[in-house]
Amino acid sequence: MRAELRKLFGLPTAWVGLVLGLIAAPALVFVNAPGVRRAIESGEIADLGYENLGIGLLGALILGVVTVSSEYTSTGDDSPGAHQMTATLLAMPRRTRLLVAKGMALALVVAVQGALTASAAVLLTEVVLPEYAPPFAPDRIAAAALYWTLLALLAYAVTLIFRNGVITLTVFIVNSTVVSVSYLLTKLTPWAAYLPDIVGAHMFLRGDATGVRIAPLTAGLVMTAWVAALLAVAGYLFHRRPA
Amino acid sequence: MTAVHAELRKLITLPSLRWTAALTWAATLVLALAVRRVAPQEDPIRAALRWTQAGFLVFGVLAATQEYEPGGQIRATLLAVPRRWTLAAAKAVALIVVALALAAPAGSPYLVGVALVGAALGSLLRSSVAGVALGLAIYLVASPAMRARLPGSGPWLPDAGLAAEVWPPGATLTAAAWPLAATLVAAVVLRRRNA
Amino acid sequence: MISIDRVSRPGILHEVSFVARPGRVTGFLGPNGAGKTSTVRILLGLDRAAGGTALINNRAYASWPRPLTVVGALLDGSGAHRARTARAHLRWLAASNGLPRGRVGEVLDVVGLAGAGGKRAGRFSLGMSRRLGLAAALLGDPPVLVLDEPFNGLDPAGIHWMREFLRRCAGEGRTVLLSSHLLDFPVDDVVVINHGRVVARGTTAEVTGEHDSLEQAFLSLTGAGAGSW
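Here goes a summary of the coordinates provided. Note that the structure is predicted; figures quoted are calculated from it, not measured. (Residues numbered from 1 in each chain as written. Chains lettered and ligands numbered in written order. Predicted model: local features only at pLDDT ≥ 70, side-chain atom pairs only at ≥ 80, totals over all residues. Heavy atoms only, no water.)

A word on the overall build of chain A. Looking only at helices and strands, one finds 10 helices and 0 strands in chain A. Starting at the N terminus and ending at the C terminus, chain A contains elements arranged as α-α-α-α-α-α-α-α-α-α. Taken over 243 residues, chain A has a buried fraction of 53%. Long-range contacts, defined here as pairs at least 24 residues apart, represent 73% of the contacts in chain A between residues at least 6 apart. Carbon and sulfur atoms provide 70% of the accessible area of chain A, an area that totals close to 10,900 Å². (Helix = DSSP H or I, 4+ residues; strand = E, 2+ residues; numbered from the N terminus. Buried < 20%, exposed > 50% of the residue type's maximum accessible area, 1.4 Å probe, protein only. Contact = heavy atoms within 4.5 Å. Areas by Shrake-Rupley, 256 points an atom, 1.4 Å probe, with all protein chains shown as cover.)

The next point concerns the packing of helix α2 (residues 86-96) of chain C against helix α3 (residues 102-110) of chain C. Residues and elements named next belong to chain C. Interaxial distance between α2 and α3 falls to 9 Å at its minimum, and their mutual angle equals 125 degrees. Taken as axis vectors, α2 and α3 run oblique relative to one another. Both α2 and α3 take part in a crossing whose hand is right-handed. Together, Arg87, Leu90, Arg91 and Ala94 of α2 and Val104, Val107 and Leu108 of α3 make up the contact between the two elements. (Axes fitted to C-alpha atoms, helices over the stretch in contact; angles between N-to-C directions. Parallel < 35°, antiparallel > 145°, perpendicular 65-115°, else oblique. Left-handed = near helix turned anticlockwise from the far one by under 90°.)

It is worth spelling out the packing of helix α7 (residues 165-175) of chain A against helix α3 (residues 44-65) of chain B at this point. Between α7 of chain A and α3 of chain B, the shortest axis-to-axis distance is 10 Å and the interhelical angle comes to 155 degrees. On the basis of their axis angle, the class for α7 of chain A and α3 of chain B is roughly antiparallel. Along this stretch, α7 of chain A crosses α3 of chain B, giving a crossing that reads as right-handed. Within the contact between the two elements, α7 of chain A uses Val166, Thr170 and Val174 of chain A and α3 of chain B uses Trp51, Ala54, Val58 and Leu62 of chain B. Across the contact of α7 of chain A with α3 of chain B, the residue classes break down as 6 nonpolar, 1 polar and no charged. (Nonpolar A, V, L, I, M, F, W, Y, C, P; charged D, E, K, R; others polar.)

Moving on to the packing of aromatic side chains. Evaluated as defined, the whole model comprises 2 aromatic pairs over all chains. With a centroid separation of 4.8 Å and an interplanar angle of 40 degrees, the aromatic rings of Phe18 of chain C and Phe28 of chain C are classed as tilted. A residue pair is termed long-range when its members are at least 10 positions apart, and Phe18 of chain C in strand β2 (residues 13-20) and Phe28 of chain C in strand β3 (residues 25-29) qualify at 10 residues. For the pair Phe18 of chain C and Phe28 of chain C, a shared accessibility class is recorded, and that class is buried. Aromatic pair Trp161 of chain C and Phe165 of chain C: ring centres 5.3 Å apart, planes at 10 degrees, arrangement stacked. Within this pair, Trp161 of chain C and its partner Phe165 of chain C are both found in helix α5 (residues 156-171), separated by 4 residues, close to a single helical turn. Over the aromatic face of Trp92 of chain C sits the side chain of Lys10 of chain B, whose NZ or CZ is 4.1 Å from the ring centroid. The ring of Trp64 of chain C has Arg59 of chain C lying over it, and the distance from NZ or CZ to the ring centre is 4.7 Å. (Phe/Tyr/Trp six-rings, centres within 6.5 Å; stacked < 30°, edge-to-face > 60°. Lys NZ or Arg CZ within 6 Å of the ring centre and 35° of its normal.)

Moving on to the sheet that holds β2 of chain C. All names here are of chain C. Spatially, the 3 strands line up as an open sheet ordered β2-β1-β4, and their pairing is antiparallel. Sheet topology places β2 and β4 (51-56) at the edges, where each strand pairs with a single neighbour. Neighbour-to-neighbour, the strand axes of the sheet open up by a mean angle of 15 degrees, direction not taken into account. With 5 bridges connecting them, strand β1 (residues 2-9) and β4 associate as antiparallel partners. Along β4, the bridge assignment pairs Ser8 with Gly51. (Pairing = 2+ DSSP bridges.)

A few words now on the interface of chain C and chain B. The figure often quoted for interface size is the accessible area lost as the parts come together. Each partner contributes residues to the interface: chain C has 36 residues there, and chain B has 30 residues. The junction of chain C with chain B conceals about 2,600 Å² of combined surface from both sides, 53% of it contributed by carbon and sulfur atoms. It is His81, Arg84 and Trp92 of chain C that lose the most area in chain C upon contact with chain B, and together they represent 25% of the buried surface on that side. Scanning the region where chain C abuts chain B turns up 1 salt bridge. Asp76 of chain C is the salt-bridge partner of Arg75 of chain B, the closest N and O atoms lying 3.1 Å from each other. Linking chain C to chain B there are 16 residue pairs in polar contact (both at pLDDT 80 or more). Looking at the side of chain C that touches chain B element by element, the count peaks at 7 residues for α2 of chain C. (Buried area = accessible area lost by both parts, 1.4 Å probe. Salt bridge = Lys/Arg side-chain N within 4 Å of Asp/Glu carboxyl O. Polar contact = N/O pair within 3.5 Å; in protein donor to acceptor, adjacent residues only side chain to side chain.)

So, about the nonpolar core. Side chains of nonpolar character tend, in soluble globular proteins, to be buried together. Ranked by size, the top nonpolar core spans 88 residues in total, and within it Leu151, Leu169 and Ile173 of chain A together with Leu95 of chain B carry the most contacts. With residues near it in sequence (within four places) discarded, Leu151 of chain A still touches Leu57, Leu61, Phe172 and Met223 of chain A. Val81 of chain B together with Leu90, Phe151 and Leu166 of chain C belong to the second-largest nonpolar core, a separate cluster that totals 87 residues. (Core = buried A, V, L, I, M, F, W, Y, C linked by side-chain atoms within 4.5 Å.)

Shown next, in the form of structure tokens:
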């Protein structure tokens, strides 16, 4: 586990993910401020500060992806089949433990990152728009951090399944755009609201942009179920595949 | 000319690029169907491309990073075409040809520009994960966010060409300027860098 | 003919000079990290030298319009993308220098990969990868061959095959430059490099001099006494 943390912090791309995740959302609070003042007149103020958190998710996402994809990058040209995973498996032959260690290292980093970013974004909102900011609520911050962690784990699982970071990044980023694909799908079937990204957002957003209301607790449970299911698939495949 | 021929062969015989092209169009069609049910007044293909332009970006990134993947193809490439301006130009021409063919059904030259920007990012970062992350962040996250917050910046953003129904001279210029600048920067770096 | 003239790179190479002549196998020997690969990469235009010139038949590598017809190079790795078949890899290489398609089958035959042309390069063993790299080097039937550590990763049969092959190339009048940290290959001329400086050059007999063998001479020239391995 400590070894996994060290590996994660040794990756340049991981630092990009960290910094992006930490800075983007608070920065958006500033960029947003004028637009938000206008939006306030229309009444949607329950989620001020929180709605900017979506962009910081990119950082969590990148961290989740590089945790795995770095292992599958070849380490040397002389040995076509060699990648870090081979060395890692030799050092830690028990695969399930390895997966757990990696997942825990990732979860720890992202949870801290998420908590810091969410607090920063909400506090900044109070500074920039003191009269409208929602009260500082630790439980909502915790929910947001949990959502980040779960999403990073989701990206981790999907990358493990495909053994390819590009697929995960594309699917997740495309889906995190201003109008997400999942949101489009909710217009076709209300069940699409239970797709991981939308259901997850209900953990800390109170507004109902999707038209479907899901209680935060239910949302958290559904999201956790998604992560658990995909991690299980990833673990099963990882166990069976040759390194 | 021979260098362009070689680069075309490289693009055509790489399985990951074929997959990217196929998945991009499959996703575009599925989303277009969804858009038609949800918002019948919109052009479904154009609306779907708001998301699936990502496929063109990924295509460009992978076209460039294939050189830096295990096996060391970049060395074979530079030994065969040691003049780096020639190589950079051949790569750009080959990618434009293939991307034009891929974008033809949408009738949007803008998508060719997206692929070129992807290729420039891939060539600069030499990593498909980093290139895709940065490229998608620019096109799908930062640009729409900027447009929403500062509507005045709209015509200057890299994705301006996608929204443009008709092509006023300004939009054409912006749409061409981003890929051109990115490609030039990547070519200069390719020339200066030790392989 | 390869002529390296006072090639320098700060901290790596100091005024390296030597020539490799047609019809002879020139061994470019030195311990790991001595500057062999760096010299070869400068010769092939992959890296830039801070000073000096490295010419092949009196022209810099990058100034040849169809370099594969002049120099065949084998560096580490096969140079092929894992997902591409051996044949597809050689075909784009042939196309890049306007070589006839038929050469692809011919060179696959020469290196003993005739049956593996449709296999993806990523599925090749280390030895097969080296052979594929060599096939690429031979595509343009070049008069000059530059090989960086060609024996790395080869099994005994592969090493034997490579030795015979390089001998034959020199016999056909080609210039063969072979960089290696191994000494079990009969070479005609020797250049010994250590810490980025040429410490000896000449025919094998000249460099061996008073010593019992080329290996003894090499060890004393590079200051690697017995036991330091």
